[in-house]
Amino acid sequence: MQTIKLLATLQKIDLALDADRRQFAENKQAMQPSPELQAMLKQMKEAEARLKHWRKQRRERDEKVTELSDKITMLEKQLYGGRIKDAREQVSMQQNIESLKRHLATLEESALEALLEQEEAAKRLAETQNAFAAMKQAWQEKKTALEKEQEALVVHARGLKAKREQVVATLPAADLKRYEAMRKKLGGLAVVQMNGRSCGGCGASLPTAVVQKVHEGQTVKCPICGRLLYD
Ligand SMILES: [Zn+2]
């Protein structure tokens, strides 16, 4: 076979391999967890921390309420149990109990606030958990589909490489070397099909002499971009 035909075949195989590699890299990128999924995970963690905080607050505030309630009950028992005979002492204790009851009301309010915050945090956590689970499932489904696609790409590329080896085996080493160097220099495209009388790479109109040589199957370069031409 003419060298130019072999090079054209090689170029087609290499372009297909380039496309496989690009798609493989793109899929790999698309398989990463999305920023949205990561952001939702962060929101879920924050909601967890918030719920934990308010649960602790509620427990501590409830304990304070119970503690003070018990103290007031005990003092009232002392006051009304008749053990304190002194009238002034009774008045003083009464005042003390009333003061403690006012404080108790404040503590109860604070405990209620913690309870409401806890409920709100629990609601928020459930919402973020649901949203995260849905997003994660969608991502996993996408990932599974992409994994299959990756496997197919690997098989496809393997077939192309086998074909490439066959072509390379019949190509003179100097031509292969020149082709590889040109591909590096010319953005992966070293051999192009002539488009009428124009270069299929850069689009330049080709001189009649060049067109003629291409038709004859000679190895000719486009005078503008330097790519090899075939028809
Ligand atoms: Zn050209």
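Just so you know, these numbers come straight off a predicted model, no measurement behind them.

Conventions we followed
- Residues numbered from 1 in each chain as written.
- Predicted model: local features only at pLDDT ≥ 70, side-chain atom pairs only at ≥ 80, totals over all residues.
- Domains from an automatic or database assignment.
- Core = buried A, V, L, I, M, F, W, Y, C linked by C-beta atoms within 7 Å.
- Buried ≥ 20, exposed ≤ 12 C-beta atoms within 10 Å, placed from the backbone.
- Helix = DSSP H or I, 4+ residues; strand = E, 2+ residues; numbered from the N terminus.
- Contact = placed C-beta atoms within 7 Å.
- Expected span 1.5 Å × (residues − 1).
- Pairing = 2+ DSSP bridges.
- Axes fitted to C-alpha atoms, helices over the stretch in contact; angles between N-to-C directions.
- Parallel < 35°, antiparallel > 145°, perpendicular 65-115°, else oblique.
- Left-handed = near helix turned anticlockwise from the far one by under 90°.
- Nonpolar A, V, L, I, M, F, W, Y, C, P; charged D, E, K, R; others polar.

## Thoughts on the domain arrangement of the protein
Okay, step 1: Its domain assignment divides the protein into domain 1 (31–170) and domain 2 (174–230).
Okay, step 2: A straight line from the C-alpha centre of domain 1 to that of domain 2 covers 67 Å.

## What to know about the nonpolar core
Okay, step 1: One finds L7, V191, L228, L229 and Y230 to be the most contacted residues of the largest nonpolar core, which totals 19 residues.
Okay, step 2: The set of elements that each furnish at least two residues to this core consists of α1 (3–30), β1 (191–193), α5 (208–216) and β3 (228–230).
Okay, step 3: Broken down by element, this core gets its largest block of residues, five residues, from α1.
Okay, step 4: Apart from residues lying up to four places away in sequence, L229 is in contact with V192, M194, C199, V214, V220 and C222.
Okay, step 5: Counting residues in each nonpolar core, the second largest holds seven residues, with A47, W54, A111 and L125 among its members.

## Some points on the environment of G81
Okay, step 1: Relative to the helices and strands, G81 is located in the loop between α2 (35–80) and α3 (87–170).
Okay, step 2: Between the alpha carbons of G81 and A152 there is a distance of 88 Å; along the sequence they are 71 residues apart.

## Some words on α1
Okay, step 1: An ideal rise of 1.5 Å per residue puts 40 Å on 28 residues; α1 measures up with 40 Å between its terminal C-alpha atoms.
Okay, step 2: Three or more residues of α1 are buried, namely I4, L7, A8, L10, Q11, I13 and D14.

## A short note on the sheet that holds β3
Okay, step 1: What the three strands build is an open sheet, ordered β1-β3-β2; its pairing is mixed. Each edge of the open sheet is held by one strand with a lone partner, namely β1 and β2 (220–221).
Okay, step 2: Relative to β3, β1 runs parallel, the two being bridged by three bridges. Its bridge partner being in β3, V192 is matched across the sheet by L229.
Okay, step 3: Across the sheet, α1 lies against β1 and β3, angled at about 100 degrees from β3, the strand it touches most.

## Looking at the environment of G82
Okay, step 1: The topology assignment puts G82 in the loop between α2 and α3.
Okay, step 2: In this structure G82 comes out as exposed when scored by C-beta crowding, with 7 C-beta atoms within 10 Å.
Okay, step 3: It is 66 Å that separates the C-alpha atoms of G82 and A134, two residues lying 52 residues apart in sequence.

## What to know about the packing of α2 against α3
Okay, step 1: Contact pair α2 / α3: the axes reach a minimum separation of 6 Å and the direction vectors enclose 160 degrees. Comparing their axes, α3 and α2 come out roughly antiparallel. Note that α2 runs across α3; the crossing there is left-handed.
Okay, step 2: Residue composition of the contact of α2 with α3, by class: 27 nonpolar, eleven polar and 15 charged.

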